[in-house]
Amino acid sequence: MQFHYQRLAQQIANKIYQQQLLPQQKLSSLRDFADQHQVSISTAQRCYELLEAQGLIEVKPKSGYFVKAPKLRSRLPASPSFESRPRAVTNLLLQNQIQEASIQPHLAPFGAIQLSPQLVPIEPLRRSIQRALKHCKPEDFLYCNRQGHLRLREALAAHWREDGMYIAPEDIFITNGCMPALALLIQQLSLQGDSILIPTPTFNGQLQLIAGLKRRIIETPADATGIDLVRLEQAMVEHRPKLCLLTANFQNPLGYVLSDVDKQKIAQLAAQYHCIILEDDIYAECSYQGQRPLPIKYWDQHGYVVWVGSVSKSLSTAYRVGWFCIGGQLKAMYPEFYSANVSVNTPLQLGLADFIYSREYRNHLSRLQPQLMQQVEQYRRYILKAFAPLNIGLSQPQGGYALWLELPQKIDSLALYLAAQQHQINIVPGVVFGEDERYQHFVRLNAGHALTPQLQEAILFLAEWVKQAVDGY
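Treat the numbers as computed from the prediction; the structure is a model and nothing was measured.

Definitions and limits used
- Residues numbered from 1 in each chain as written.
- Predicted model: local features only at pLDDT ≥ 70, side-chain atom pairs only at ≥ 80, totals over all residues.
- Heavy atoms only, no water.
- Domains from an automatic or database assignment.
- Contact = heavy atoms within 4.5 Å.
- Buried area = accessible area lost by both parts, 1.4 Å probe.
- Salt bridge = Lys/Arg side-chain N within 4 Å of Asp/Glu carboxyl O.
- Polar contact = N/O pair within 3.5 Å; in protein donor to acceptor, adjacent residues only side chain to side chain.
- Nonpolar A, V, L, I, M, F, W, Y, C, P; charged D, E, K, R; others polar.
- Buried < 20%, exposed > 50% of the residue type's maximum accessible area, 1.4 Å probe, protein only.
- Helix = DSSP H or I, 4+ residues; strand = E, 2+ residues; numbered from the N terminus.
- Pairing = 2+ DSSP bridges.
- Disulfide = S-S within 2.5 Å.
- Expected span 1.5 Å × (residues − 1).
- Core = buried A, V, L, I, M, F, W, Y, C linked by side-chain atoms within 4.5 Å.
- Arc of directions from axis to C-beta.
- Phe/Tyr/Trp six-rings, centres within 6.5 Å; stacked < 30°, edge-to-face > 60°.
- Lys NZ or Arg CZ within 6 Å of the ring centre and 35° of its normal.

What follows is about the domain arrangement of the chain. Assigned domains within the chain: domain 1 (4-67) and domain 2 (119-361). Here domain 1 and domain 2 have C-alpha centroids that lie 32 Å from each other. Across the contact, nine residues belong to domain 1 and 10 residues belong to domain 2. Together domain 1 and domain 2 conceal approximately 790 Å² of surface at their shared face, both sides included; 38% is due to carbon and sulfur atoms. Inspection of the domain 1/domain 2 interface yields one salt bridge. For arginine 7, the salt bridge identified is with aspartate 260, shortest N-O distance 2.7 Å. Seen at the junction of domain 1 and domain 2, the total is two residue pairs in polar contact (both at pLDDT 80 or more). In the side of domain 1 that touches domain 2, the residues fall into two nonpolar, six polar and one charged.

Further remarks concern the pattern of salt bridges. Scanning the model with the defined rule gives 18 salt bridges in all. Arginine 438 is paired through a salt bridge with aspartate 436; the nearest N and O atoms lie 3.4 Å apart. Take arginine 438: its relative accessible area is 11%, and that puts it in the buried class. By sharing partners, the salt bridges in this structure join Arg87, Glu219, Asp436 and Arg438 into a single network.

What follows deals with the pairing of strand β5 (residues 172-175). Side chains Ile172 and Ile174 project from β5 onto one buried face, and the interleaved Phe173 and Thr175 project onto a second face that is buried too. Here β5 runs beside strand β12 (residues 322-325); their pairing, made up of four bridges, is antiparallel. Within the sheet, the bridge partner assigned to phenylalanine 173 lies in β12 and is phenylalanine 324.

Right, let's get into the state of the cysteines. In this structure the tally under the stated criterion is zero disulfides. No disulfide involves cysteine 286; its sulfur sits 12 Å from that of cysteine 178, the nearest cysteine. Residue cysteine 286 is classed as buried on the basis of its relative accessible area of 0%.

Here the focus is the sheet that holds strand β13 (residues 393-394). Taken together, the four strands give an open sheet; going across it, the order is β13-β14-β17-β16, and neighbouring strands pair in antiparallel fashion. Every interior strand has two partners, whereas the edge strands, β13 and β16 (428-429), have only one.

This next bit is on helix α7 (residues 178-189). Each α-helix winds once per 3.6 residues, and so residues spaced three or four apart point in a common direction. In a regular helix each residue adds 1.5 Å, so 12 residues correspond to 16 Å; α7 covers 16 Å between its end C-alpha atoms and thus fits that length. Within the sequence span of α7, burial applies to Cys178, Ala181, Leu182, Ala183, Leu184, Leu185, Ile186 and Leu189.

A few words now on the side chain of aspartate 194. Following the sequence through the fold, aspartate 194 ends up in the loop between α7 and β6 (195-200). A distance of 2.8 Å separates a polar atom in the side chain of aspartate 194 from the backbone nitrogen of leucine 191. Setting aside residues up to four positions removed in sequence, aspartate 194 forms contacts with Arg215, Arg216 and Lys242.

Formed by 135 residues in total, the largest nonpolar core has its most connected members in Phe110, Leu278, Phe324 and Phe387. For this core, the element with the highest residue contribution is helix α13 (residues 360-387), accounting for 11 residues. In this structure, Tyr5, Ile12, Ile16 and Leu51 belong to the second largest nonpolar core, which totals 21 residues.

Here the focus is helix α4 (residues 92-102). Considered for burial, the residues of α4 that qualify are Gln95, Ile98, Ala101 and Ser102. The arc that holds the buried residues of α4, viewed along the axis, is 135°, so those residues lie on one side. Seen from the buried face of α4, the exposed residues on the opposite side, beyond 90 degrees, are Leu93 and Glu100.

Turning our eyes to something else, we now look at the packing of aromatic side chains. Within this structure, the stated rule accounts for 17 aromatic pairs. When the centroid spacing of 4.8 Å and the interplanar angle of 80° are considered together, the rings of tyrosine 298 and tryptophan 299 count as edge-to-face. What makes tyrosine 298 partly exposed here is its relative accessible area of 39%. Residue tryptophan 299 is classed as buried on the basis of its relative accessible area, which comes to 14%. Ring centres of tyrosine 439 and phenylalanine 442 lie 5.9 Å apart, and the angle between their planes is 80°; on these two criteria the pair is classed as edge-to-face. On the basis of relative accessible area, tyrosine 439 is assigned to the buried category, the value being 1%. Phenylalanine 442 gets classed as buried once you look at its relative accessible area, which sits at 1%. Cluster of aromatic residues (ring-pair linked, three or more members): Phe173, Phe324, Tyr334, Phe337 and Tyr338. The aromatic ring of phenylalanine 66 is capped on one face by lysine 60, whose charged end is 4.5 Å from the ring centroid. One cation-aromatic arrangement involves arginine 438 over phenylalanine 82; the distance from NZ or CZ to the ring centre is 3.7 Å.

Turning next to the environment of lysine 68. Within the element layout of this structure, lysine 68 appears in the loop between β2 (64-67) and β3 (86-87). Once the C-alpha coordinates of lysine 68 and histidine 106 are considered, the two residues, 38 residues apart in sequence, prove to be 42 Å apart. Contact partners of lysine 68, with chain neighbours within four places excluded, come to Gly55, Leu56, Ile57 and Glu58.

Take a look at the structure:
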């Protein structure tokens, strides 16, 4: 469970990452900070000491605490404003083509957001599966409960309790991944033609899923600092959507994490306007701060938030186990969820349960998180160096390993995508992260693989193509 000083430190870190606190800006004194947050001086001191250890602030003798100037600064990507209205996803064919290309193994893997196999704890996973098979019961070789094996649901509930989340095993449904969970929920909670509220730019796979299910979208603006909650509420008032699909922690592609205040506000809006929040929290365990940030679900007092996730981003995309957790408003729909859910491979469920109970999953996360932070920063440094002196924007995520790159407005990222494919490089062009081609000069890059010389050469190709395109105008 996260201590209060860690929560406070994370809130300040978020403000630093989002440039709400600027380099060399003076922070409150320990006494003032303690008064502002109604904590003891010792708690305030531990908060500042943690931030200092993370390299985010520094103490100057006889002057106080200051935000530390980062070793490398870059402009964050801009996000345009736009009208929020119900509409269809218009580029499903392109979405499908890009999704298929993103998983081609012979291309430089900047497309799909997935971890390198070198970061997957293969041997501990093998041992867990072997132990699970050795100790399983005869009934484990029959059809599994469609809600998911009780042992895995209990293991997940115990795992989340350590992070401050209390979910009853009977409220957990195990699925074949995060996207199947979202597909089931959308189909059960809405009808064809209904509109789903969704902040953009957003993960293109979500838009692809919504289009495939013949639902419409209502886009609201999001940027590197989070979601425009004023516009989100306006859309709830004007259009009364049944569902809102969003990510609060390390959103793909922007990388932001919402503040606790914003998360609480979203939970309140959901109850006020009777809008079910589908919270895709798939990246939460990839935090650079060592502690998983709480989801919106934590503040859900009325049961309007469905918490959805999987281990595909924190463990392996090949390990197809996900879940969704329902609240009070949806308890009556338990039979519908049960009948619509597809049973998940029992040995995989039992293996993951053992992996959690043996502490191997927690140990894996402790190793993975600092590795990701270092690896993503290596990518950021190399990208900024390669694209210099162009005026680009580059996300600075606080977790996860997706990078959102804003190129000069003249650049057509779809043309860059096609040129890159000719050179055995895969990227995802920004056009598929929203409508109206408003993200035409953006691209998303995966930083889940080690930055090898081959991948450095691929980044240099992208940068050189963009520079030549700019010079050609």
